[in-house]
Amino acid sequence: MWVVLPLACLAGGAFAIYLVARLLTARNELLALLTALVFATALGALAPLFRLTRAGYLPRWGHFGSGGAFLRADPGALMVAGVALGLGMLVTVYSGRYLAFDDRIESYYPLLLLLVTGLVGMVMAADLFNLYMFCELMSIAAYVLVAFRHRLATAIEAGFKYLIMGSVGTVTMLLGLSFIYRETGTLALPLAMGAPGPWSRAGLGCFLVGLGVKSAIVPLHTWLPDAHGRAPSSISAMLSGIIVQSVFYALLKVCLGLGFPARDLGTLLIVLSLFNMTLGNGLALVQTYTKRLLAYSTIAQMGYIMLSLGIGLRYDVPMAIQAGFFLLLAHAAMKGLAFLCKGVCHFYCNATRIAELRGTAARMPLVAVTFSVALAGLAGVPPLAGFAAKWFVLSGGVQAADALGFLGLAVFLLNSLLALGYYLPLIGTLFTSADPSEGTETFASVQISLWMVAPLLILGALVLVMGLYPGFWLNWTAGAATYLHGLGR
Amino acid sequence: MNIETMWLVTILGAPLAAALLLPLLRGRGVRMAGWIAGLAAALSLAATFALLPALQRGDVPALSFEWIPTAHIRLSLHLDWLTFPFLVTEAAVTLLAVVYTWGYHRQDERTPFFYALLLLFAVGMSGTTLADDMFLFYIFWELMLVASCALIAIWGEGERRGAVALKYFIFTHLGSLMVLVSLMVLYTATGSDSFSALRAGVTLAPALVTTVTTFFIIGFCVKMAIFPLHLWLPDAHAVAPMPVTIMLAAAMLSMGTYGILRFPLSIFSPAQLAPFVVPMMVAGLVSEIYGALMALAEQDIKRIIAYSSVSQMGYILFGLGTLTYDGVAGATLHVIYHAIVKALLFMCVGLVIRATGRRRIAELGGLGRAMPLVAICIGVGALAIAGTPPFCIFASEWMIFSGGFHTAHIGLSVLTLLGSLLTVAYALWFVGRIFFGARPEGLTVKRLPWIMVAPTVLLAALALIGGLFPAPIFDWVAHGLTLILGGGW
């Protein structure tokens, strides 16, 4: 029962908020507050599950076939869900001011809640059909939210591109689902069976492609720069921060649960990560729009996560799997913070290009500092979260036993160096004074609303704390790593 | 926590506390920034000397506590004889640089940040030498880089300071990454990140020993600016504000030497390091000759002294590469003496630039009569760097060459001796061009603040005293050498 409670909270909250918005009040601040309350309640409902899973027991809900369940809470799913709810809460508070000039906010908050509902359901799904269903729920909410600023042609185009590519992905998943059902007669995960037969393997391939589209695995990533670049910043924070990563987690669970050998999955992940890292960092270097730069940075960071998890699975190194999850957590905080800061710059100073960020330190010193913290963290500068993550990834990675692992590690190090080429100039731009002759308007010092300051400060503090005291967070990822490692054996 | 540990914490804590408090100064408090920074630097130096009696008694002041138990990461500080000379050098150079800044830096509302970054730079250097575990070592190593990079990017001279800072960061970071990989391999091999585990002995496969040593040496040679990894140095030294240049050249370059002494030379035996003798000696020789030739060719007086640093680091690497007692002792002594002389030369160059407003050697001349005190100081510096007795560098160069002649590679040693003729050439040519000869058109000499001249004279005196009374410093170095190469001295 505990398992379904967060989902019920979120879904029920979505409908409730919509009714409130249509019938009672359309005030942005009030809706934001109520939505944040729903997130908080869902977090509270999630909390007992952490305790329950600590002993290795996996709570279930629902009956599906013989002995199957609808939902099963495993440590990794809880970690991802917890991050999603926390980030969602901060994004909602931020939206309390950020959406001041938008319309149709009565659909925004319910859609956000449905987005997170889909996410939580997807990572906790215990069978393929529920996974597909919740993934679709999450995706549809995401498509609409990306195109939320529907008066802008670019936003509609981005949302439409995301819709088409995402739908191709989910349809492929459905096809794969039918192949697996044809061979095994069941959809429950994990499948207790020996080596997968040809139909199951075809189905597995379909799932890899389908979920790979959504988790931005090169070359299926092409929707990401547009979607994350043109969505409202609060939504970009959610998308880049946790949605892409949650789909990746679901991908891992599905592959390992369907009998894909851990060693082969690890090899595949390492090879794919090479492309993600290089392409993400390489293309980020040439961007002129801030949000597209951050979007490509997400592709690169996904590459790092894939590398660490790949090394952990291929060479049986639990530390590397833990490092991958830690990087997932750290990235959620840092990328979320980066997008929210960019949103503040856009909201108050109408800055979309990187060059327009000049003078931020003079006008909004707090935003400049927190944005720098996020970027420095992503670049891996100690003592921030990104450095601790890099340390753990490296300490797991040097335990790789052959050439492929070392190649991946070398590419990882070179890429983190390459990434400095766009992170550092961006930090520099924030602290450069605006040049009036270049056409960027100079504004007086700006008072930023508390609705926006609070999430910025909380996330900034989190990035710092995760870097200074990573032990606590590392322990949190241990359960997820053990579970995933166990799935692969 | 006894008195020794308290002094140990003060060495790092005083500058760190000042660096964190300085940005809070507002209004009239800005004028106090220089005094606070000077006090912190003085405290740090005093604390270092306060621990000298404890070291001479045979104690080893140390401080350590658990940080991330699951990853076996402890944070430890540790002061032994190997650390001591480097720490004293660095603390003294910082104090002198801060005093020089009192006269050099133009006061404005950003001055507290300048001093704060300067102190953070110092903390990075002190922390690197004091760190007894890999995590802290790497964090302080990166802190050195981040602080100095920020100083160059914000207060550097010229339009290109942003590009120069980026080049400096990326180049040096590449070296840091190589060091990090080697540290990770050691961390995996010993199971913990503490250096005490390394001191107890580490067994690695021969191929791994070669890889680790290669990465360490290349990584630290980037920091020491050995040809061809020196490319960051001329621009960084030329563009940086003078106090930063002094600290970069006199103290930070020697951190590479410390790294080579602390890691490959202390962990592995002479037999394991034998393949690296010739490469290191050759690299040192090439660097020495290249630096001297470039110093002869350069036109900007700051760049001349910068290339002189490249040349002198070549001597040091040559001495380290001989793996003989004389060579390594000479190299360590050279670090200290070079710090004195290089700081002296840069201060004099700063005085010349401040007095005349000119940097190109072709536009200078005949200043001997107008600035007699500076002329004497720079004469002392030039003679010292050329290795003339009774100045200090004569002793260390003698030992380095002696070490070279103790190896089987007499040819290389002869070449190094001949290379020192080039040092004499550029040193005397430099002094002759600036202080003798006819004065060019329109060359005016302004009065110099005594606060800038005083440390210069002090350093000149130290160069002489160090040469006449080498025993105390030599004593420290000798103690430290018993800790290297398996205590085989």
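Above this text is the structure in question.
Residues numbered from 1 in each chain as written. Chains lettered and ligands numbered in written order. Predicted model: local features only at pLDDT ≥ 70, side-chain atom pairs only at ≥ 80, totals over all residues. Heavy atoms only, no water.

Trainee: Sorry, what's going on with unusual backbone geometry here?
Mentor: Working note: non-glycine residues mostly have negative phi, and peptide bonds are mostly trans. Residue Pro383(A) is bonded to the preceding Pro382(A) through a cis peptide linkage, with omega at 0 degrees. Tracing the backbone shows Pro383(A) in the loop between α14 (365-379) and α15 (385-397). The amide bond that connects Phe227(B) to the next residue, Pro228(B), takes the cis arrangement and shows omega of 0 degrees. Residue placement: Pro228(B) occurs in the loop between α9 (206-224) and α10 (233-239). Backbone geometry places Ala216(A), a non-glycine residue, at a positive phi of 60 degrees. Structurally, Ala216(A) is set in the loop between α7 (198-214) and α8 (223-230). One non-glycine residue, Ala225(B), adopts positive backbone phi at about 60 degrees. If you trace the backbone, Ala225(B) turns up in the loop between α9 and α10. (Helix = DSSP H or I, 4+ residues; strand = E, 2+ residues; numbered from the N terminus.)

Trainee: What's the story with the side chain of Thr298(A) in this structure? I'm lost.
Mentor: Residue position: Thr298(A) is located in helix α11 (residues 290-315). With residues near it in sequence (within four places) discarded, Thr298(A) still touches Ser240(A), Gln245(A), His331(A) and Lys335(A). (Contact = heavy atoms within 4.5 Å.)

Trainee: Please clarify how the pattern of salt bridges should be interpreted in this entry.
Mentor: When their charged atoms lie close together, side chains carrying opposite charge are able to pair. For the structure shown, the criterion picks out 18 salt bridges over all chains. Across the pair Glu157(B) and Arg359(B) runs a salt bridge whose closest N-O atoms are separated by 2.5 Å. Here Glu157(B) is found in the loop between α6 (134-155) and α7 (161-190), whereas its partner Arg359(B) is found in the loop between α16 (325-356) and α17 (372-385), with 202 residues between them in sequence. Shared partners join several salt bridges into a network, and the residues in it are Glu157(A), Lys161(A), Asp226(A), Arg230(A) and Arg292(A). (Salt bridge = Lys/Arg side-chain N within 4 Å of Asp/Glu carboxyl O.)

Trainee: Any chance you could explain the environment of Gly357(B) here in plain terms?
Mentor: Residue and element names in this part refer to chain B. Among the secondary structure elements, Gly357 is positioned in the loop between α16 and α17. Relative accessible area serves as the criterion here: at 63%, Gly357 is assigned to the exposed category. Taking the C-alpha atoms as reference points, Gly357 and Thr444, separated by 87 residues in sequence, lie 8.4 Å from one another. (Buried < 20%, exposed > 50% of the residue type's maximum accessible area, 1.4 Å probe, protein only.)

Trainee: How should I be thinking about a nonpolar patch on the surface in this particular structure?
Mentor: All names here are of chain B. Taken together, Phe405, Ile410, Val414, Leu415, Leu417, Leu418 and Leu421 make up a surface patch of nonpolar side chains, about 580 Å² in accessible area. Ranked by residues supplied to the nonpolar patch, first place goes to helix α19 (residues 410-435) with six residues. Considering the arrangement of structural elements, one finds Leu415 in helix α19. Its relative accessible area of 41% is what places Leu415 among the partly exposed residues. (Patch = residues over 30% accessible without salt bridge, like charges linked within 9 Å, V, L, I, M, F, W, Y side chains within 5 Å. Areas by Shrake-Rupley, 256 points an atom, 1.4 Å probe, with all protein chains shown as cover.)

Trainee: I keep staring at the interface of chain A and chain B and nothing clicks. Help me out?
Mentor: Frequently, the measure chosen for interface size is the accessible area removed from exposure when the parts meet. Taken together, the contacts link 25 residues of chain A with 23 residues of chain B. When chain A packs against chain B, close to 2200 Å² is buried across both sides, 87% of that on carbon and sulfur atoms. Between chain A and chain B we count zero salt bridges in total. Taken together, the connections running from chain A to chain B amount to zero residue pairs in polar contact (both at pLDDT 80 or more). (Buried area = accessible area lost by both parts, 1.4 Å probe. Polar contact = N/O pair within 3.5 Å; in protein donor to acceptor, adjacent residues only side chain to side chain.)

Trainee: Even after reading the chapter, I still don't get the nonpolar core, so can you show me in this structure?
Mentor: Soluble globular proteins: nonpolar side chains tend toward being buried together. Among the nonpolar cores identified, the biggest contains 385 residues, and Ile242(A), Phe325(A), Trp391(A), Phe392(A), Phe121(B), Phe137(B) and Phe430(B) are the most heavily contacted of them. In contact with Trp391(A), other than residues within four places in its own chain, are Ile73(B), Met134(B), Phe135(B), Tyr138(B), Leu180(B), Met184(B) and Tyr187(B). (Core = buried A, V, L, I, M, F, W, Y, C linked by side-chain atoms within 4.5 Å.)

Trainee: Quick question: what am I supposed to make of helix α9 (residues 233-257) of chain A here?
Mentor: Given 3.6 residues per helical turn, the α-helix brings residues three or four places apart onto the same face. Here α9(A) spans 35 Å end to end across 25 residues, near enough to the 36 Å set by a 1.5 Å rise per residue. The buried count for α9(A) comes to 25 of 25 residues, which makes it a mostly enclosed element. (Expected span 1.5 Å × (residues − 1).)

On their own, these measurements won't tell you what the molecule is for.
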